[in-house]
Amino acid sequence: MMDNDAHFMKEAIKEAGRAAREDEVPIGAVAVYKNRVIGRAHNQTRLLKDPTAHAEMIALTQAAGFLKSERLTDVDLYVTIEPCIMCTGAMVWARIRRVIFGAWDEKAGGCGSVVNVAQHAALNHRLEIVSGVLEDDCRGLMRAFFRKKRLEKQSTNN
């Protein structure tokens with residue numbers, strides 16, 4: 001793990017915390033270009049009523065706007081949880097350099113858990129995958145959020 005990876009993952013974790021406070025699934029993403037954050041976002045699917053409003057998609061859009069290009073070849077994307085297939089596909093199309101994430105998503109991951117879109121041989125671009133950066137912190141956010149949701153559901157059913 002590079003020293004900067006932990007630093008930028010902490011920024012993604014801050015975004016995930018914002019999502020949790022807004023009652024969104026706590027996933028945060030930070031797009032980094034030349035050691036500078038050029039995109040930062042958290043899940044906003046409920047707020048925007050948009051199934052594509054994942055943290056990664058919003059951060060990629062911000063990065064493309066900053067660079068004024070759809071090609072993000074020198075961009076690294078830090079995400080608290082393994083990106084889904086949709087988000088990983090967008091990263092491939094954007095041609096980002098690396099995706100760095102905290103915890104694996106065994107139910108919907110697009111970087112190897114369910115399918116590896118990030119390095120699929122049939123696609124024209126493959127990105128480097130770095131996993132396990134501040135993994136316990138990232139996983140803990142998700143566990144706490146869904147534990148709270150289950151408790152809320154139980155209290156309304158009683």
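Residues numbered from 1 in each chain as written. Predicted model: local features only at pLDDT ≥ 70, side-chain atom pairs only at ≥ 80, totals over all residues. Heavy atoms only, no water.

Colleague: An account of the overall build of the protein chain is needed here, citing residue identities and associated values.
Modeller: Looking only at helices and strands, the protein chain has 5 helices and 5 strands in total. Listed N to C, the secondary structure of the protein chain is α-β-β-α-α-β-α-β-β-α in terms of helices and strands. By the compact-globule yardstick of 15 Å for 158 residues, the protein chain fits well, its C-alpha radius of gyration being 15 Å. By principal-axis analysis of the C-alpha atoms, the protein chain measures approximately 50 × 35 × 30 Å. Across the 158 residues that make up the protein chain, the buried fraction comes to 44%. At a minimum sequence separation of 6, the contacts of the protein chain that also span at least 24 residues come to 56%. Taking the average location of the 23 positive side-chain charges in the protein chain and that of its 20 negative ones, the two points are 3 Å from each other. (Helix = DSSP H or I, 4+ residues; strand = E, 2+ residues; numbered from the N terminus. Rg over C-alpha atoms; globule rule 2.2 N^0.38 Å. Buried < 20%, exposed > 50% of the residue type's maximum accessible area, 1.4 Å probe, protein only. Contact = heavy atoms within 4.5 Å. Lys, Arg positive; Asp, Glu negative; His and termini not counted. Charge placed at Lys NZ, Arg CZ, Asp CG, Glu CD.)

Colleague: Break down a positive patch on the surface for me, citing the residues and quoting the values.
Modeller: A cluster of basic residues, Lys-107, Arg-143, Arg-147 and Arg-150, forms a positive patch on the protein surface. Considering the arrangement of structural elements, one finds Arg-143 in helix α5 (residues 135-157). Residue class for Arg-143 comes out exposed when judged on its relative accessible area of 52%. (Patch = residues over 30% accessible without salt bridge, like charges linked within 9 Å, V, L, I, M, F, W, Y side chains within 5 Å. Areas by Shrake-Rupley, 256 points an atom, 1.4 Å probe, with all protein chains shown as cover. Salt bridge = Lys/Arg side-chain N within 4 Å of Asp/Glu carboxyl O.)

Colleague: Tell me about the side chain of Thr-88, residues and numbers included.
Modeller: Along the chain, the position of Thr-88 falls in helix α4 (residues 85-94). A distance of 2.8 Å separates a polar atom in the side chain of Thr-88 from the backbone oxygen of Cys-84. Discounting residues that sit within four places of it in the chain, Thr-88 has contacts with Pro-83, Gly-110, Cys-111, Val-117 and Ala-118. (Polar contact = N/O pair within 3.5 Å; in protein donor to acceptor, adjacent residues only side chain to side chain.)

Colleague: Provide a residue-level description of the sheet that holds strand β4 (residues 98-103), including the pertinent values.
Modeller: Pairing is mixed across the open sheet formed by 5 strands, whose spatial order is β2-β1-β3-β4-β5. For this open sheet the edge positions go to β2 (36-42) and β5 (128-130), each flanked by a neighbour on one side alone. In this sheet, neighbouring strand axes are inclined to one another by 20° on average, regardless of whether the strands run parallel or antiparallel. As paired strands, strand β1 (residues 28-33) and β2 are joined by 6 bridges and run antiparallel to one another. Counted as the bridge partner of Tyr-33 is Arg-36 from β2. Helix α3 (residues 55-67) rests against β1, β2 and β3 (75-81) of the sheet, and its axis sits at about 145° to β2. (Pairing = 2+ DSSP bridges. Axes fitted to C-alpha atoms, helices over the stretch in contact; angles between N-to-C directions.)

Colleague: Break down α3 for me, citing the residues and quoting the values.
Modeller: An ideal rise of 1.5 Å per residue puts 18 Å on 13 residues; α3 measures up with 18 Å between its terminal C-alpha atoms. Residues Ala-55, Glu-56, Ile-58, Ala-59, Leu-60 and Ala-63 constitute the buried set of α3. On the buried face of α3, the contacting elements are β1, β2, β3 and α4. (Expected span 1.5 Å × (residues − 1).)

Colleague: So what about α5? Which residues, and what values?
Modeller: Each full turn of the α-helix corresponds to 3.6 residues, which orients residues three or four apart in the same direction. With 23 residues, α5 extends 33 Å from end C-alpha to end C-alpha; this agrees with the ideal 33 Å at 1.5 Å per step. By the burial criterion, the buried members of α5 are Cys-138, Met-142 and Phe-145. Where the residues of α5 are buried, they touch α1 (3-21), β3 and β4.

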